[in-house]
Amino acid sequence: MDIFIAIVQILDSTIRLSVPLLLACLAGLYSERAGVFDIGLEGKMLVGAFAGASAAAVFHSAFIGLGMAILMSVAFAMVHGFASITHRGNQIVSGVAINFIAAGSTIMLGQAWFQQGGRTPALQPGERFEAIVWPGADAVRDVPILGPIYSELISGHSILVYIAFLMVPFTWWVLYRTRFGLRMRAVGENPAAVDTAGISVAWLRYRALICTGILTGIAGAYLSMVQNGGFVKDMTAGKGYIALAALIFAKWRPVNAMFACLLFGFLDAASIRLQGSPLPVIGKVPAQFMQALPYVLTVILLAGFIGKAIPPRAGGVPYVKER
Amino acid sequence: MSTPYAKLPAWADYGLIPLINLSVAFIVAGLVVVLVGENPFRAAVILVEGAFGKGTGIAFTLFYATTFIFTGLSVAVAAHCSLFNIGTEGQAYIGGLGIALVCLSLDSTLPWWLLFPLAIVASAAFGALWGFIPAYLQAKRGSHIVITTIMFNFIAASTMVYLLVGLLKPAGSQAPQTRNFVGGAELPKLNWVIELFGAKIRSAPLNICFLLALVMAFLVWLLIWRTKLGYEMRTYGHSPKAARYAGISETRIVLTAMMISGALAGMMALNPVMGDQHNVAIDFVSGAGYVGIAVALMGRLHPVGIVLAAILFGMLYQGGAELSFEMPSITRDMIVIIQGLVILFAGALEHMFRPYIQAIFASFSPKSVGMEAIKGKGA
């Protein structure tokens, strides 16, 4: 029974740790499916986390915080769009620039505004998203097997967690069942064809980037307003890049993205849980190995040793209208 | 559809446009300074004075510049081959491992002039190896070099943390770093050169790696513009199709370019490790690899431009330290913002002002944007 409880706890923290990855990964899915590479996920998450925590602390409202996180993250996504869609700049360069600007400005503005060494004030109860306890969660807690699963795994998360997982079927629906999704996928594969059909390539890509901004904003808000009670400098700590890895791992598909993020979240949760204590068969696994595993797996996948990850064909190429 | 933009005279292309882009980046940075409630002009004065006002400042500026010349060259060599090497950071980190192995085993037996060449070779070899794997995966397996090098940065970081808290750490020590190197692993300082000009220097880490960096800049120029290999690299960078048609082996060119790039990145580690810290510590690269991207873009991938851009960034690092001392609300993270803005305006938005400048040139003298400019004569 102890092992069962331990497994439920690991899975519970898997969910918590994979939520920011999942949101960022879906965010990347929108922009990359539309043919815009985005390695600025990390920066946009960071900006969202900072804007969310500061606005929540100043206005004493979690929802104003969330709104601000989305707004600032979308603003950064628009900078990326302005550089890479309107001015046909290099999308990778633009993403790198956004990561730097985000990393620097969040710390500096945080220090200038709140004078807590780059932190934002600790959020009070009403200013962060609280866990939602599902009806009957406490009552069934002692029921064997199903009780812990219901009360620990399913119940007791904040609203953003449920939003993140609902975004998976929603993204699937948008991508494969709406006109916008069809056009977005087309613009990522063959923008000239979309252009010929009389649809603006630039506007489509901008809309995809707005979706990216919204989702990275929520991801950032989750980091600073749910997982942590405030913004800490560099709090994304490479999650944007892991999300990018997950996106490749998922072969740019929403449902796969969820499983990839859960896998990477599980690796993270397991390495925290184990803390260097030995495993039954393998023996002691260094924590650094567990941390590097998502990246190693992605490299192996990208190299085509386990399946083949084929990116959207027009990805990374600015669209130039024929004249 | 060849290029969406008409040609400008060379001096406008290589001088005016970068200057405008850079000015815009600094104007936006100035706005950030206003946002935190300080005077941007006073900040600029403090920054420049901190970097060049005293002999110690100049020595520190050049010390930082040394690091950035290496990483800038590394990014540039790959970029000439149209490979975006974001992995400079990781390659430099692993280069440090090579230096650590050489220094830990030989530092008490060899003098510096024997140890230094060995360390150069080791750092370059380790960096090149870390560049080789992504290059191989790109050339043979078709994985995207940008993604692979990002992943390799993280793998390098994990590997180094694993080694530095385990195997490389001396017994009984708590700090995650190697033991301090002694004797031959301490490179001669260059501070006396600045003192020749009458300035006083209190312990600055400027060392002979600066000269090595300049030599490397020259060698990179030689490689890119004066050798067959460089020509092939530029051909491949311009048009992989044309290169294939000309019988240039894609695999060979990608592998060579990335290994040279990785070697230059690895050599960056010589400067902080053997010139200053005398040990290899966790995260000793501290973002210098990413600065290399900004430096290479600002220097327009030319060694002379890169040396100048590296000195500018060295100035920002040194002056930034002084600035955060004088104005507490401006932390050292201001440099990171400026770095990002430079990458944005000199890199991603490099063509933003081009149409306007072309229009201005065309209204003054239509010839300057016409045939004569294409022949390379200029206005």
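Residues numbered from 1 in each chain as written. Chains lettered and ligands numbered in written order. Predicted model: local features only at pLDDT ≥ 70, side-chain atom pairs only at ≥ 80, totals over all residues. Heavy atoms only, no water.

Visitor: I tried to follow the environment of W134(A) on my own but got confused; where do I start?
Guide: Residues and elements named next belong to chain A. Within the fold, W134 resides in the loop between β1 (131-132) and α5 (146-154). Judged by relative accessible area, W134 falls into the partly exposed class, the value being 32%. Between the C-alpha atom of W134 and that of R177, which follows or precedes it by 43 residues, the distance is 31 Å. (Helix = DSSP H or I, 4+ residues; strand = E, 2+ residues; numbered from the N terminus. Buried < 20%, exposed > 50% of the residue type's maximum accessible area, 1.4 Å probe, protein only.)

Visitor: How do you make sense of the interface of chain B and chain A when you look at a structure like this?
Guide: When the parts of a complex come together, some accessible area is lost, and that lost area is often taken as the interface size. Facing the 43 residues of chain B at the interface are 47 residues of chain A. Summed over both partners, the interface of chain B with chain A comes to about 3,800 Å²; 81% of that surface belongs to carbon and sulfur atoms. Where chain B packs against chain A, one counts zero salt bridges. Summed over the shared surface of chain B and chain A, the number is one residue pair in polar contact (both at pLDDT 80 or more). Contributions of two or more residues to the side of chain B that touches chain A are made by α1 (10-35), α5 (112-141), α6 (145-165), α13 (288-298) and α15 (333-348) of chain B. A per-element tally of the side of chain B that touches chain A places α6(B) first, with twelve residues. Considering only residue class, the side of chain B that touches chain A consists of 32 nonpolar, nine polar and two charged. (Contact = heavy atoms within 4.5 Å. Buried area = accessible area lost by both parts, 1.4 Å probe. Salt bridge = Lys/Arg side-chain N within 4 Å of Asp/Glu carboxyl O. Polar contact = N/O pair within 3.5 Å; in protein donor to acceptor, adjacent residues only side chain to side chain. Nonpolar A, V, L, I, M, F, W, Y, C, P; charged D, E, K, R; others polar.)

Visitor: Is there a simple way to explain the pattern of salt bridges in this structure?
Guide: Oppositely charged side chains may form a pair once their charged atoms are brought near each other. Applying the stated rule across the entire model yields seven salt bridges over all chains. The residue D38(A) makes a salt bridge to K44(A) at a minimum N-O spacing of 2.7 Å. According to the relative accessible area criterion, D38(A) is buried, its value standing at 0%. A salt bridge links R179(B) to D107(B); the nearest nitrogen and oxygen atoms lie 3.1 Å apart. In this pair, R179(B) is assigned in the loop between α6 and α7 (191-196) and D107(B) in the loop between α4 (88-106) and α5, connecting sequence segments 72 residues apart.

Visitor: Any chance you could explain the confidence of the model for chain B here in plain terms?
Guide: The predicted coordinates should not be examined in detail at positions where pLDDT is low. Model confidence for chain B is summarised by a mean pLDDT of 86, while 95% of its residues fall at 70 or above. Taken together, the stretch residues 371-379 of chain B has pLDDT below 50 and engages in 13 contacts with residues farther than four places along the chain or on a different chain. (pLDDT = per-residue confidence, 0-100.)

Visitor: Just checking my understanding: could you explain the nonpolar core for this structure?
Guide: One recurring pattern in soluble globular proteins: nonpolar side chains tend to sit buried together. L270(B) and M274(B) are the most contacted members of the largest nonpolar core, which has 220 residues in total. Of all hydrophobic cores here, the second largest spans five residues; its members include L8(B), I17(B), I357(B) and F361(B). (Core = buried A, V, L, I, M, F, W, Y, C linked by side-chain atoms within 4.5 Å.)

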